[in-house]
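Now for the letters of each chain:
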Amino acid sequence: IKLGPTYVKLGQVLSSRQDLLPPPYIERLRTLQDSVPPFDDAIARRIVNDQLGPSNVEGLRISDSPLASASLGQVYKGELDGKQVAVKVQRPGALVAVSLDVCIIRAFGPTIYKI
């Protein structure tokens with residue numbers, strides 16, 4: 001998890017590939033499927049307010065804690081205009097981290113492939 005969302009996603013994909021890795025590795029990587037801790041709820045609320053703006057957040061109610069948390073974000077139960085909605089909040093820094101990881105993979109990928 002400390003390596004960032006790209007590596008969590010890679011681990012999640014590899015955890016489903018029993019043909020590539022030995023069972024102990026698969027078991028450990030499977031923990032990435034449902035064990036990503038949530039980030040702070042106050043930060044999530046600030047992100048929602050910043051992204052939607054005050055006029056759009058006015059009628060939106062969001063649960064106190066997330067329903068689910070993942071490598072790229074988390075989901076809250078919400079209510080808007082009397083309707084239940086899901087509010088997905090991107091993990092802080094996720095876009096920058098994934099973009100940087102993709103650049104690194106593109107830079108070193110061809111070299112590693114040759115090995």
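Refer to the structure above for everything that follows.
Keep in mind the model is a prediction, meaning the values are calculated, not measured.

Chemist: Where do I start with the nonpolar core in this structure?
Modeler: Nonpolar side chains in soluble globular proteins generally cluster together in the buried interior. Ranked by size, the top nonpolar core spans nine residues in total: F39, A44, V48, V57, L60, I62, Y76, V87 and V89. Every element with two or more residues in this core is listed here: α3 (41–52), β1 (60–62) and β4 (83–90). Once residues lying within four places of it in the same chain are set aside, the contact partners of I62 are R45, V48, Y76, K77, G78 and V87.

Chemist: Explain unusual backbone geometry here, please?
Modeler: The bulk of non-glycine residues show a negative phi, and the bulk of peptide bonds are trans. Located in the positive-phi region is D81, a residue other than glycine, with phi close to 55°. Structurally, D81 can be placed in the loop between β3 (73–80) and β4.

Chemist: Sorry if this is basic, but what is going on with the pattern of salt bridges here?
Modeler: Note on pairing: side chains with opposite charge can pair once their charged atoms come close. Evaluated as defined, the whole model comprises three salt bridges. Ionic pairing is found between R45 and D64, a salt bridge with its closest N-O pair at 3.8 Å. With R45 in helix α3 and D64 in the loop between β1 and β2 (68–69), this residue pair connects regions lying 19 residues apart in the sequence. Assessed through its relative accessible area of 29%, R45 is described here as partly exposed. The exposure class of D64 is exposed, given its relative accessible area of 65%. Put simply, R61 and E79 hold a salt bridge, and the shortest N to O gap is 3.1 Å. Remark: E79 occurs in strand β3 and R61 occurs in strand β1; sequence separation between them is 18 residues. We classify E79 as partly exposed; its relative accessible area is 28%.

Criteria and cut-off values
- Residues numbered from 1 in each chain as written.
- Predicted model: local features only at pLDDT ≥ 70, side-chain atom pairs only at ≥ 80, totals over all residues.
- Heavy atoms only, no water.
- Core = buried A, V, L, I, M, F, W, Y, C linked by side-chain atoms within 4.5 Å.
- Buried < 20%, exposed > 50% of the residue type's maximum accessible area, 1.4 Å probe, protein only.
- Helix = DSSP H or I, 4+ residues; strand = E, 2+ residues; numbered from the N terminus.
- Contact = heavy atoms within 4.5 Å.
- Salt bridge = Lys/Arg side-chain N within 4 Å of Asp/Glu carboxyl O.

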